2 protein chains.
Amino acid sequence: MSPSGSNGLSRRFVLGALAGLPALPGLFSATSPAEAQTATPLASWNDGPAKQAILDFIRATTDASSKSFVPPEERIATFDQDGTLWVEHPIYTQVVYCLDRVPAVVKEKPALAHVEPFKTVLTGDFEKIGKLSLHDFEAIAVATLTGMSVDDFAAEAKAWIDSAKDHRWKRLYTELTYQPMQEALSFFRANGYKTYIVTGGGQDFVRVYSERVYGVPPEQVVGSAVGTKYGYDKNGKPMLTKERKLLLNDDNAGKPEGIHLEIGRRPHAAFGNSTGDRQMLEYAKAGDGARLSMLVLHDDAKREYAYGPAQGLPDTKVGTFTQALYDEAKKDGWFVISMKDDWKRIFAFE
Amino acid sequence: MSPSGSNGLSRRFVLGALAGLPALPGLFSATSPAEAQTATPLASWNDGPAKQAILDFIRATTDASSKSFVPPEERIATFDQDGTLWVEHPIYTQVVYCLDRVPAVVKEKPALAHVEPFKTVLTGDFEKIGKLSLHDFEAIAVATLTGMSVDDFAAEAKAWIDSAKDHRWKRLYTELTYQPMQEALSFFRANGYKTYIVTGGGQDFVRVYSERVYGVPPEQVVGSAVGTKYGYDKNGKPMLTKERKLLLNDDNAGKPEGIHLEIGRRPHAAFGNSTGDRQMLEYAKAGDGARLSMLVLHDDAKREYAYGPAQGLPDTKVGTFTQALYDEAKKDGWFVISMKDDWKRIFAFE
């Protein structure tokens, strides 16, 4: 663990101990029954319909006398990452990673310095970079996320995530997780649920830090994935190389498809925050018995950000929360979590 | 659980209790520390290098004072299914399933009755069926494994596996698991390992019975997989349909690739029995620290089957164990398990 990572955890440890949180993500692989019984669950949540919905769902599915009781081995809960577990605005963290990797890629292939979009990225001019096309960003993703061994990629991503800081809070990205959602993850686990991250981001990227940051082991991260190719390095040692071929686009319909591919069970609870999570939440809610689908609404401009058409605000194209999504949530019995009203605090460092 | 399934488990329960086995696959999702301490591990294994290799590996990776100690969350062991955990000879169980499904498929699409290869399959003449081409079998697989919802497929496969019996022992296929390997699965789990099945067979098929039969939950089954497509049934209920597109061919190089896709960690131990497992065993063995790669050799013509070029026997094209594989095993420090010499008994019903 890097010094910066340790600091992040130490800070959270102190705050977590003060708040009597049910589990400290990343330090323990499981929560003991004693912790589950003595802790105050969801301490950073205000009382209200969102908190109550979680408490009711857990009671309904874990009380052996409940008609909605779910056997422990079937308890699966899935969580989107960007905008649901940590900050996604104004730009997805993994996109920052890709941009930050460009100089290293150009160092290996100097000719790229004179080729777009790499030339623009190297200027460091955020205004110009923001105007690059989707096609340009795809070229950047291919150059920075494919072609290397899976081990080299993991080492590069780990070094970055252990040191890179965001521009607003000047903190490690891994500190920008939502404390109430960390408590939700812990509360689900304390009640026998396997918690999965189901992300539109790259699963190889998220798996690098998921265990330390969320207490979610790499094998419980489902995300967008390129294919890999088995081969041997120059010493004859087996290796897997990240290919250019997209195997799973784990967004929108790709989320339930990815869940079926990598989990094979329909989740009983699912959390998201944007139209990219719609199908996952529909899929979870359509199962038998008690089901919980929840959407995080970014409506706290002061403590975090407020964005999305459902609030009459501009569509930032990052974590779009449309009126249609809001309407579907209300119609289908999903719960909308107001960051402003439902969360007592947003970050552990507050 | 079906009556036949219960019978199978009851029989195993009695035998298991008599033998003091560490865990009863399928009835408990985890083994308690007490069980792990009091049980005699690997009771159906004869003393010898294979059994010793497992005992040594577990000690080296779970003893906190060992230099090869592996933290609990990193303990992953992968097991091929056909020929490693249960009988694969003379024909893979899932192929029997596909053939058995043909009449139901033809009932839905009567025109197929007059089209090859379905016409031949409907004759029930095993000699003729055995002469069908690989292309014919692919057509049968497409007709019986794709086009339906994932829920319909699971229901069909479950009904079949709960009642279909093999031709030699006249027993449910799920009774034809190898008792020593069941004990190996339990022993690994009792020592904190997550056990995964990594099969060339269809993961949707194996997931139907993996928990009950092996104590391996569906989310810990990696196998060949077609893509699914998210959509809605006529009542607007979300559904996933099995598509004709092969997403993961989980055999040969596809095994480490599938492991990376669905697990994201390199296994510390891997078990197989054929050239289709070669890359998985290489991949496991190439990691740092203590690693265990083992191959089951089918050399017991009396109690099970003997086949494969490494023994100077014909290549049956099912679970091929070549001389080259044997040589690689010896060279790279893998262990070969002789069913004849290393296993005291092969099936729980013996």
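Above this text you will find the structure in question.
Now for a description of the structure that goes with this document. (Residues numbered from 1 in each chain as written. Chains lettered and ligands numbered in written order. Predicted model: local features only at pLDDT ≥ 70, side-chain atom pairs only at ≥ 80, totals over all residues. Heavy atoms only, no water.)

1. Quick word on the overall build of chain A
Just so we agree on the cut-off: The secondary structure listing takes helices from DSSP runs of H or I that are at least 4 residues long and strands from runs of E that are at least 2 residues long, numbered from the N terminus. Relative accessibility decides the category of a residue: with a 1.4 Å probe and only protein chains considered, values under 20% of the type maximum give buried, values over 50% give exposed, and everything between is partly exposed. Contact definition: two residues touch when any of their heavy atoms are within 4.5 Å. Using a 1.4 Å probe, accessible areas were evaluated by the Shrake-Rupley method; residue-level cover was limited to the displayed protein chains.
Each helix and strand counted, chain A has 15 helices and seven strands in total. When burial is assessed residue by residue, chain A has 56% of its 350 residues classed as buried. Taking as baseline every contact in chain A between residues at least 6 positions apart, the subset at least 24 positions apart corresponds to 65%. Within the structure as shown, chain A displays about 14600 Å² of accessible surface, and the carbon and sulfur contribution to it stands at 55%.

2. A word on the interface of chain A and chain B
To keep it simple, the criterion reads: When two components associate, each loses some accessible surface as probed by a 1.4 Å sphere; the sum of these losses over both components is called the buried area. A pair is scored as a salt bridge if a Lys or Arg side-chain nitrogen falls within 4 Å of a carboxyl oxygen belonging to Asp or Glu. Polar contacts here mean pairs of N or O atoms no more than 3.5 Å apart (in protein, one a potential hydrogen donor and the other a potential acceptor; neighbouring residues in sequence count only if both atoms are side-chain atoms). Ten residue types, Ala, Val, Leu, Ile, Met, Phe, Trp, Tyr, Cys and Pro, are classed as nonpolar, four, Asp, Glu, Lys and Arg, as charged, and the remainder, Gly among them, as polar.
Tallying the contact residues gives 38 residues for chain A and 38 residues for chain B. Both faces considered, chain A and chain B share a buried interface measuring about 3300 Å² in area, 51% of it formed by carbon and sulfur atoms. Contact with chain B buries area across many residues of chain A, yet Glu219, Tyr230 and Leu261 of chain A alone supply 20% of it, more than any other trio. Viewed at the interface, chain B and chain A are joined by eight salt bridges. Counting across the chain A and chain B interface gives 28 residue pairs in polar contact (both at pLDDT 80 or more). Contributions of two or more residues to the side of chain A that touches chain B are made by helix H8 (150-161), strand S2 (194-202), helix H10 (203-206), strand S3 (221-232), strand S4 (238-248), helix H12 (254-262) and helix H13 (278-285) of chain A. Across the side of chain A that touches chain B, the residue classes break down as 17 nonpolar, six polar and 15 charged.

3. Considerations on the packing of helix H4 (residues 93-108) of chain A against helix H7 (residues 134-145) of chain A
All names here are of chain A. Short version of the rule: Axis definition: a line fit to C-alpha positions, over the contact stretch in the case of helices; interaxial angles, taken between N-to-C directions, run 0 to 180 degrees. Orientation categories follow fixed angle ranges, with anything under 35 degrees roughly parallel, anything over 145 roughly antiparallel, 65 to 115 roughly perpendicular, and all other angles oblique. Here is the rule for handedness: rotate from the far helix to the near one, and if that takes an anticlockwise turn smaller than a right angle the crossing is left-handed, while a clockwise turn gives right-handed.
Here H4 crosses H7 at 65°, and the two axes come no closer than 9 Å. Here H4 lies roughly perpendicular to H7, going by the angle between them. The interaxial crossing formed by H4 with H7 has left-handed handedness. For the pair formed by H4 and H7, the contact residues are Gln94, Val95, Tyr97, Cys98, Leu99, Arg101, Val102 and Val105 on the first element and Phe137, Ile140, Ala141, Ala143, Thr144 and Leu145 on the second. Here the contact of H4 with H7 is composed, by residue class, of 11 nonpolar, two polar and one charged.

4. Topic: the sheet that holds S4 of chain A
Residues and elements named next belong to chain A. To keep it simple, the criterion reads: Strands pair, by our definition, only if DSSP identifies at least two bridges between them.
In space, the seven strands of this open sheet follow the order S4-S3-S2-S1-S5-S6-S7, with mixed pairing throughout. Two strands in the sheet have a free side with no partner beyond their single neighbour: S4 and strand S7 (335-338). Between one strand axis and the next, the sheet turns through 35° on average, direction left out of account. For strand S5 (residues 269-272) and strand S6 (residues 292-297), the ladder comprises four bridges, and the chain directions are parallel.

5. A closer look at the pairing of S7 of chain A
In the sheet, S6 of chain A pairs with S7 of chain A via four bridges, with the strands oriented parallel. Each residue of the ladder has a partner; that of Val296 of chain A, found in S7 of chain A, is Ile337 of chain A.

6. Comments concerning unusual backbone geometry
In terms of backbone geometry, most residues other than glycine have negative phi values and most peptide bonds are trans. Note that the residue after His89 of chain A, namely Pro90 of chain A, is joined by a cis bond; omega there is 0°. Within the fold, Pro90 of chain A resides in the loop between strand S1 (76-79) and H4. In this model, Glu116 of chain A is joined to Pro117 of chain A through a cis peptide bond whose omega is 5°. One can find Pro117 of chain A in the loop between H4 and helix H5 (118-123). For Asn252 of chain A, which is not a glycine, the phi torsion comes out positive at approximately 55°. Locating Asn252 of chain A in the fold gives a position in the loop between S4 and H12. You can call Asn252 of chain A partly exposed: its relative accessible area is 34%. One non-glycine residue, Leu42 of chain B, lies in the positive phi region at around 55°. Classification of Leu42 of chain B by relative accessible area gives buried; the value is 0%.

7. What to know about the relation of the copies chain A and chain B
Put simply, the rule reads: When the copies are superposed, the least-squares fit takes in the C-alpha atoms of residues with a pLDDT of at least 70 in both.
With an RMSD of 0.0 Å, the fit of chain A onto chain B corresponds to turning through 180° and sliding 0.0 Å along the axis. Taken together, the rotation and translation relating the two chain copies correspond to the operation of a two-fold axis. Rotation axis and chain A: the residue whose C-alpha lies nearest the axis is Glu262 of chain A, separated from it by 2.7 Å.

Treat this as a map of the structure, not an account of what it does.
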